[in-house]
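Topology and contacts: notes
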Amino acid sequence: MKEPDDTLSKALKKLREQHVRITPQRKLILDYLMNHENHPPVEEIYKELAPQMSSLSLATVYNTLNLFVELGIVIEIPNENGGVRYDFFGRPHYHAICENCGKVTDIYDPNLPQIDGMLQNTAKKQSGYNFNSCHIELYGLCPECQAKGVTLAS
């Protein structure tokens, strides 16, 4: 799902509020993540964007993603081979992850803020932690793997 242009403006505003310089590279990476729901690893982001900007390096992509994660604009999603995928988190959502092929699907639920709050309250009561975010992941089989007859071990 393509994010509206005002979402990019809001994300850039958040960066400016944190005194982060808006470089062409940062804007390009952010725009890519906002407009692709494929939850790409860093290498894929670099491969897709490098032809558009000769000054873009793999190190710049890594550093930019780390900055975005630190600021809460982007989240990291562990993938099936021990690596990390990245996801723009401008609109709260959770993830359905296929245990067979690793596909990640965004799930938008209007009840998510209440669910998130309940989880954090319960966790705080049990642990004493103060929380500032929550990421929910559900694991199962995607429709494509189900159609291939893949089953999950019980």
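Predicted model, so just to flag it, every value in this text is computed and none were measured.

Turning next to the overall build of the protein. In terms of regular secondary structure, the protein is built from six helices and five strands. Burial status across the protein gives 34% buried among its 154 residues. Contacts spanning at least 24 positions in sequence make up 46% of the contacts within the protein whose residues lie at least 6 apart. Surface summary for the protein: the accessible area is close to 9600 Å², and the carbon and sulfur share equals 51%. Of note, the protein has its 15 positive side-chain charges centred 6 Å away from the centre of its 19 negative side-chain charges.

This paragraph deals with the domain arrangement of the protein. Each assigned domain of the protein is listed here: domain 1 (1–90) and domain 2 (92–154). Computed over C-alpha atoms only, the centres of domain 1 and domain 2 are separated by 22 Å. Counting residues at the interface gives twelve residues for domain 1, matched by 13 residues for domain 2. Together, H39, I77 and F89 form the three largest contributors to the area buried by domain 1 at its contact with domain 2, with a combined 42%. Joining domain 1 to domain 2, the criterion identifies zero salt bridges. Counting across the interface, domain 1 meets domain 2 through six residue pairs in polar contact (both at pLDDT 80 or more). Going through the elements one at a time, β1 (74–78) and β2 (84–88) are the ones with two or more residues in the side of domain 1 that touches domain 2. Of the residues belonging to the side of domain 1 that touches domain 2, the class tally is five nonpolar, two polar and five charged.

All right, on to the sheet that holds strand β4 (residues 104–107) then. As a general point, the strands of a sheet are linked pairwise by backbone hydrogen bonds and lie either parallel or antiparallel. With respect to topology, three strands assemble into an open sheet ordered β4-β3-β5, the strand pairing being mixed. Since the sheet does not close on itself, it has two edges, and those belong to β4 and β5 (137–140), each with one partner. Across the sheet, the mean angle from the axis of one strand to that of its neighbour is 25 degrees, orientation sign disregarded.

With respect to the helices and strands, T105 occurs in strand β4. Along the backbone, T105 and E137 are 32 residues apart, and their C-alpha atoms lie at a distance of 9.8 Å. Contact partners of T105, with chain neighbours within four places excluded, come to H39, Y94, H95 and A96.

So, on to the nonpolar core. Residues L15, I29, L30, L33, I45 and L65 are the most contacted members of the largest nonpolar core, which totals 25 residues. Of all the secondary-structure elements, those providing two or more residues to this core are α1 (5–17), α2 (24–34), α3 (42–49), α4 (58–71) and β2. Broken down by element, this core gets its largest block of residues, six residues, from α2. Listed in part, the five residues of the second largest apolar core include I75, I77, F89 and V104.

Summed over the entire model, instances satisfying the criterion amount to one aromatic pair. On the numbers, 5.7 Å between centres and 15 degrees between planes, the contact of Y129 with F131 is stacked.

Moving on, we come to unusual backbone geometry. When glycine is set aside, most residues are seen to have a negative phi, and most peptide bonds are trans. One non-glycine residue, H19, adopts positive backbone phi at about 60 degrees. Assignment of secondary structure puts H19 in the loop between α1 and α2. Backbone geometry at H39 places phi at a positive 50 degrees, although glycine is not the residue there. One can find H39 in the loop between α2 and α3. Note on H39: relative accessible area 1%, which makes it buried.

Quick notes on the rules
Residues numbered from 1 in each chain as written. Predicted model: local features only at pLDDT ≥ 70, side-chain atom pairs only at ≥ 80, totals over all residues. Heavy atoms only, no water. Helix = DSSP H or I, 4+ residues; strand = E, 2+ residues; numbered from the N terminus. Buried < 20%, exposed > 50% of the residue type's maximum accessible area, 1.4 Å probe, protein only. Contact = heavy atoms within 4.5 Å. Areas by Shrake-Rupley, 256 points an atom, 1.4 Å probe, with all protein chains shown as cover. Lys, Arg positive; Asp, Glu negative; His and termini not counted. Charge placed at Lys NZ, Arg CZ, Asp CG, Glu CD. Domains from an automatic or database assignment. Buried area = accessible area lost by both parts, 1.4 Å probe. Salt bridge = Lys/Arg side-chain N within 4 Å of Asp/Glu carboxyl O. Polar contact = N/O pair within 3.5 Å; in protein donor to acceptor, adjacent residues only side chain to side chain. Nonpolar A, V, L, I, M, F, W, Y, C, P; charged D, E, K, R; others polar. Pairing = 2+ DSSP bridges. Axes fitted to C-alpha atoms, helices over the stretch in contact; angles between N-to-C directions. Core = buried A, V, L, I, M, F, W, Y, C linked by side-chain atoms within 4.5 Å. Phe/Tyr/Trp six-rings, centres within 6.5 Å; stacked < 30°, edge-to-face > 60°.

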